[in-house]
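Report on the structure
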Amino acid sequence: MKILEASGISKVFGGLTAVNKVDFHIDEHEIVSLIGPNGAGKTTFFNLLTGIYEPTEGRVDFLGAELKKSKPFEITKLGMARTFQNIRLFSSMTVLENVMVGQHCRTSSSIFDALLHLKRHKNEELRIRSVCEEILEFLDLTQYKDEIAVSLPYGIQRHVEIARAMASSPRLILLDEPAAGLNTNEKVEMTTLIRKIRDRGFTVLLIEHDMKLVMGISDRVAVLDYGNKIAEGKPEAIMKDERVIAAYLGKGAEPDA
Ligand SMILES: Nc1ncnc2c1ncn2[C@@H]1O[C@H](COP(=O)(O)OP(=O)(O)OP(=O)(O)O)[C@@H](O)[C@H]1O
């Protein structure tokens, strides 16, 4: 089942076409990677999917309905969560608190319930805490739950960001360069984590520059170059695609170099 579909989407900034008439879809439970050289339009494409930008033309359908002028928080509520290229954790909060923020869009008690310390709010708090503790357990992060998130190693912080995305109970998780800044061991752990979240039932779309990770984990890979989708297919086919090699990897380069 198609969970997300972009049909002919473009984004023009002044005179620059950052994304040009791109068709794209992702099926439920797939892991799909979006690759391309610097400036190819990957982040802009993510921003179009998540409501940060409105397409200049084309449309995006998520779970069968068009995302027309939807704001990012509305899209999160619909079931799409994302992480960012630069880690965005709350600096004064613990790991558990950061993850609990992710559940915010699923709460039903109001600010007044909280201010008045109503039982409804307390029960909600307990429910959120238990959901988030389970996510931390699932991602082997329980030992860090009371630590200040930003004091932890970079690799762990990236896992916490993904835990926070999971906490909004999304159908689709978008990961923007999850392996950026990670060392070799951390990249292996990240690969394991992404597989694990897919096996739990999530659908994953990632932007990633690390070819080893991309080719090892993806069911499908889409390639952007100067805003155009120049190739799409299984990793083995993408690695051999002449246009991809020329555009992205440089002629004669090995994809896992
Ligand atoms: N807000 C903006 N205003 C004007 N131009 C922009 C804006 N955002 C991106 N661009 C331009 O659009 C093009 C695509 O940029 P984008 O950041 O989407 O590429 P990318 O593939 O994500 O690159 P990278 O891999 O370096 O993150 C670039 O030429 C960039 O300079």
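Residues numbered from 1 in each chain as written. Predicted model: local features only at pLDDT ≥ 70, side-chain atom pairs only at ≥ 80, totals over all residues.

1. Some details on the domain arrangement of the protein chain
One can read the domain layout of the protein chain as domain 1 (1-79 + 170-257) and domain 2 (88-169). Each side of the interface is counted separately: domain 1 has 14 residues, and domain 2 has 11 residues. Of all elements in the fold, only α2 (72-78), β7 (172-176) and α7 (184-199) reach the threshold of two or more residues within the side of domain 1 that touches domain 2. Among the elements that line the side of domain 1 that touches domain 2, the one with the most residues is α7, at five residues. Of the residues that constitute the side of domain 1 that touches domain 2, the class distribution is nine nonpolar, two polar and three charged. (Domains from an automatic or database assignment. Contact = placed C-beta atoms within 7 Å. Helix = DSSP H or I, 4+ residues; strand = E, 2+ residues; numbered from the N terminus. Nonpolar A, V, L, I, M, F, W, Y, C, P; charged D, E, K, R; others polar.)

2. Some remarks on the site of the ligand
In the vicinity of the ligand, the residues found are Phe 13, Leu 16, Ala 18, Gly 36, Asn 38, Gly 39, Ala 40, Gly 41, Lys 42, Thr 43 and Thr 44. Only β2 (16-27) and α1 (42-49) provide two or more residues apiece to the shell around the ligand. Here the residues of the shell around the ligand are counted per class, giving four nonpolar, six polar and one charged. (Near = placed C-beta within 6 Å.)

3. Looking at the sheet that holds β2
Overall, antiparallel pairing links the four strands, which are arranged β2-β1-β4-β5 in an open sheet. Looking along the sheet, the strands with just one partner apiece sit at the ends: β2 and β5 (65-66). Pairing geometry for strand β4 (residues 57-62) and β5, over two bridges, is antiparallel. Along β5, the bridge assignment pairs Asp 61 with Glu 66. (Pairing = 2+ DSSP bridges.)

4. Structural notes on the environment of Ile 87
Position of Ile 87 relative to the elements: it lies in the loop between β6 (80-82) and α3 (95-102). Separated by 63 residues in the primary sequence, Ile 87 and Val 150 place their C-alpha atoms 9.2 Å from one another. In this structure, Ile 87 is in contact with Gln 157, Arg 158 and Glu 161, ignoring residues within four places of it in sequence.

5. Focus: helix α6 (residues 154-167)
With 14 residues, α6 extends 20 Å between its outermost C-alpha atoms, agreeing within 8% with the 20 Å of an ideal straight helix rising 1.5 Å per residue. For α6, a buried count of 11 out of 14 residues is recorded, marking the element as mostly surrounded by other parts of the structure. Within the sequence span of α6, burial applies to Ile 156, Arg 158, His 159, Val 160, Glu 161, Ile 162, Ala 163, Arg 164, Ala 165, Met 166 and Ala 167. Positive phi appears at Ser 169, one or two residues downstream of α6, with a value of about 50°. (Expected span 1.5 Å × (residues − 1). Buried ≥ 20, exposed ≤ 12 C-beta atoms within 10 Å, placed from the backbone.)

6. A few points about the sheet that holds strand β9 (residues 220-225)
Taking strand neighbours across the sheet as the criterion, the six strands line up as β6-β7-β8-β3-β9-β10 in an open arrangement whose pairing is mixed. Lying at the two open borders of the sheet, with one neighbouring strand each, are β6 and β10 (228-233). Taking the axes of each pair of neighbouring strands and ignoring which way they run, one obtains an average angle of 20° across the sheet. Here α7 sits on the sheet in contact with β3 (31-35), β7 and β8 (203-207), set at roughly 150° to β8. (Axes fitted to C-alpha atoms, helices over the stretch in contact; angles between N-to-C directions.)

7. Regarding the pairing of β10
The side chains of a regular strand alternate, first on one face of the sheet and then on the other. Bridging between β9 and β10 involves five bridges; their strand directions are antiparallel. Bridge pairing in β10 links Asp 225 to Asn 228. Hairpin connection of β9 to β10: two residues between the antiparallel strands, including Tyr 226 at a positive phi of 45°.

8. Considering the packing of α6 against α7
Closest axis-to-axis distance for the α6/α7 pair is 10 Å, and the angle between their directions is 15°. The orientation of α6 relative to α7 falls into the category roughly parallel. α6 and α7 meet at a crossing whose hand is right-handed. Seen from α6, the contacting residues are Gly 155, Arg 158, His 159, Ile 162 and Met 166; seen from α7, they are Glu 186, Glu 189, Met 190, Leu 193 and Ile 197. Of the residues that constitute the contact of α6 with α7, the class distribution is five nonpolar, two polar and three charged. (Parallel < 35°, antiparallel > 145°, perpendicular 65-115°, else oblique. Left-handed = near helix turned anticlockwise from the far one by under 90°.)

9. A word on the packing of α3 against α6
Relative to each other, α3 and α6 sit at 35°, their axes nearing to 6 Å. Of the two possible hands of crossing, α3 and α6 adopt the one that is right-handed. Residues Val 95, Asn 98, Val 99, Val 101 and Gly 102 of α3 form the contact with α6, whose participating residues are Val 160, Ala 163, Arg 164, Ala 165 and Ala 167. When its residues are assigned to classes, the contact of α3 with α6 shows seven nonpolar, two polar and one charged.

10. Here's the deal with the nonpolar core
Membership of the largest hydrophobic core comes to 69 residues, with the highest contact counts inside it found for Val 99, Leu 136, Ala 163, Ile 173, Val 204 and Val 223. Here the element with the most residues in this core is α6; it accounts for seven residues. Taken domain by domain, this core gets at least three of its residues from each of domain 1 (1-79 + 170-257) and domain 2 (88-169). What Val 99 contacts, discounting residues up to four positions off in sequence, is Cys 132, Ile 135, Leu 136, Val 160, Ala 163, Arg 164 and Ala 167. (Core = buried A, V, L, I, M, F, W, Y, C linked by C-beta atoms within 7 Å.)

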